[in-house]
Amino acid sequence: MRFIISILFLTVVLLQCKTSQQPIVDQQETAVVDTMQNDTISIELREPKDTLAKDTAPPKPTPRLTYKQLQLKKLDEEISFFSQLENEKEINLKYPGKLLRKGDSGIAIIPIKRKLKLLGLLKQDSLTIHFDSAMEAATIRFQQMHNINADGLPGRNTFRFLSWPISKYIQTLESYREKINQQTDSLPPRRIEINIPEYKLRFFDHDTLVQIFDVIVGKYKNQTPLLTSQIDYLVFNPCWTVPHRIAVKHMLPRMKNDSLYLDKRNMFVTRNGEIVDHHEIDFTACTKDDFPYKIYQNTSRWNALGKVKFMFDNPYNVYLHDTPSKYLFRKDFRTFSSGCIRVNHAMKLAQLMLDADQNNAIIKNKLAKGFPVKVYLNAPIPIIIKYQTARYNEHLNMVQFFYDCYGMD
């Protein structure tokens, strides 16, 4: 009896197993049929694939573009874009005589919008007489594109660039492309780069951009020279040696009219290397061709060189330095110096340049001395002063254009 029951139990188990497998086979067949019905090109039965090998295979690494390669790639894209616009009708733009802002309306808004649309910054459906949010956003982007204060208000400086013809953009791009092509493929991993028309200083460490600083450069008549050198040392609490040209051209007329001019500025005078009492000098008898004196400005909060200067060898007697005239950094176009480069947040730059053993406490100690203190760098830092009126800005993801302040491009 037990034998018969065992046979019956085994038979039932086998039938259940066969039944439970059937739906799986049916689902597979249904999937194949559905595929055959929906895909009239390929009707072959799909073989199982080794998806594990595909999913876990490492992706092919994308080669990282060098700085030069990236600049060239973006410049070529921009040249192609502007070349397509060459045959477009030029849009005449003149400053309307008043500052336009969001919420304004008027016929003067139309040509601005048309130019912003031509440059790909504004959509077609925004071409109304109203200064709307879309126009404000496009204006900000345009201002960023030209390295001016991005406030969304098209003032005189904005119109300076709005009046640019398309040919000007192409000319600027091609000039920069030629300069990039001439550059070496490799630059010192730790370096300082200053681009004069951009009024910017970039500090690189391990070939990585660490920080950007605003700078002031020379006037058109006293242009900052293009050069490559290396910064060897810093001077805290610098004493300013007034260049002879500045002394006779700018200071002498003031000294003739104001006997306290030098006292007010904490300055002193030497002749043949000896300090002389400037109160006993008759400056009214001096001329620009007959001025046998040297003028110096003592260390003070109003010293023209600020708290620190950065020294590098060059035949032009220029250097990089701090300045007490911070308000000038708010200007769009910063050509105010007599050739040297003034840098904003100079103490921050000094901290980046000095090695770890020369910390903030040591810097404060040197500043507290109240007289010039020279600090040599453990390793000189290359400095490159260049002139480029266009550049791809990787942070803004756009090619920027800069005013040709010295007329070199």
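Fair warning: this is a prediction, and the values are worked out from it, not measured in the lab. (Residues numbered from 1 in each chain as written. Predicted model: local features only at pLDDT ≥ 70, side-chain atom pairs only at ≥ 80, totals over all residues. Heavy atoms only, no water.)

### Re the overall build of the chain
Across its full length, the chain holds 11 helices and 15 strands. In the chain, of all internal contacts separated by at least 6 residues, the share reaching a separation of at least 24 is 65%. Surface accessibility of the chain: about 24400 Å² in total, with carbon and sulfur atoms responsible for 53%. (Helix = DSSP H or I, 4+ residues; strand = E, 2+ residues; numbered from the N terminus. Contact = heavy atoms within 4.5 Å. Areas by Shrake-Rupley, 256 points an atom, 1.4 Å probe, with all protein chains shown as cover.)

### Focus on the pattern of salt bridges
Applying the stated criterion across every chain, the model contains 16 salt bridges. Connected through shared salt-bridge partners, Arg 191, Glu 193, Asp 207 and Lys 386 make up one network. (Salt bridge = Lys/Arg side-chain N within 4 Å of Asp/Glu carboxyl O.)

### What to know about the environment of Ala 138
Topologically, Ala 138 is positioned in helix 5 (residues 133-145). You can call Ala 138 buried: its relative accessible area is 3%. With 25 residues separating them in the primary sequence, Ala 138 and Lys 113 have C-alpha atoms 8.7 Å apart. (Buried < 20%, exposed > 50% of the residue type's maximum accessible area, 1.4 Å probe, protein only.)

### Topic: the packing of aromatic side chains
As enumerated under the stated definition, the model contains 16 aromatic pairs in all. Each ring, one from Phe 161 and one from Phe 333, has its centre 6.4 Å from the other, and the planes form 50°; the classification is tilted. Placement of Phe 161 in helix 6 (residues 156-162) and of Phe 333 in the loop between strand 10 (320-321) and strand 11 (335-337) is noted, with a sequence separation of 172 residues between them. Under the relative-accessibility criterion, Phe 161 is labelled buried at 0%. Overall, Phe 333 belongs to the buried group, its relative accessible area being 16%. Where Tyr 387 meets Tyr 406, the ring centres are 5.8 Å apart and the plane angle is 20°; that geometry is what we call stacked. Here Tyr 387, found in the loop between strand 13 (373-386) and strand 14 (390-393), pairs with Tyr 406, found in the segment after strand 15 (398-401); they are 19 residues apart in sequence, far enough to count as distant. Among the residues examined, Tyr 387 registers a relative accessible area of 3% and is labelled buried. One Lys or Arg, Arg 191, reaches over the ring of Phe 204 and ends 3.9 Å from the middle of that ring. (Phe/Tyr/Trp six-rings, centres within 6.5 Å; stacked < 30°, edge-to-face > 60°. Lys NZ or Arg CZ within 6 Å of the ring centre and 35° of its normal.)

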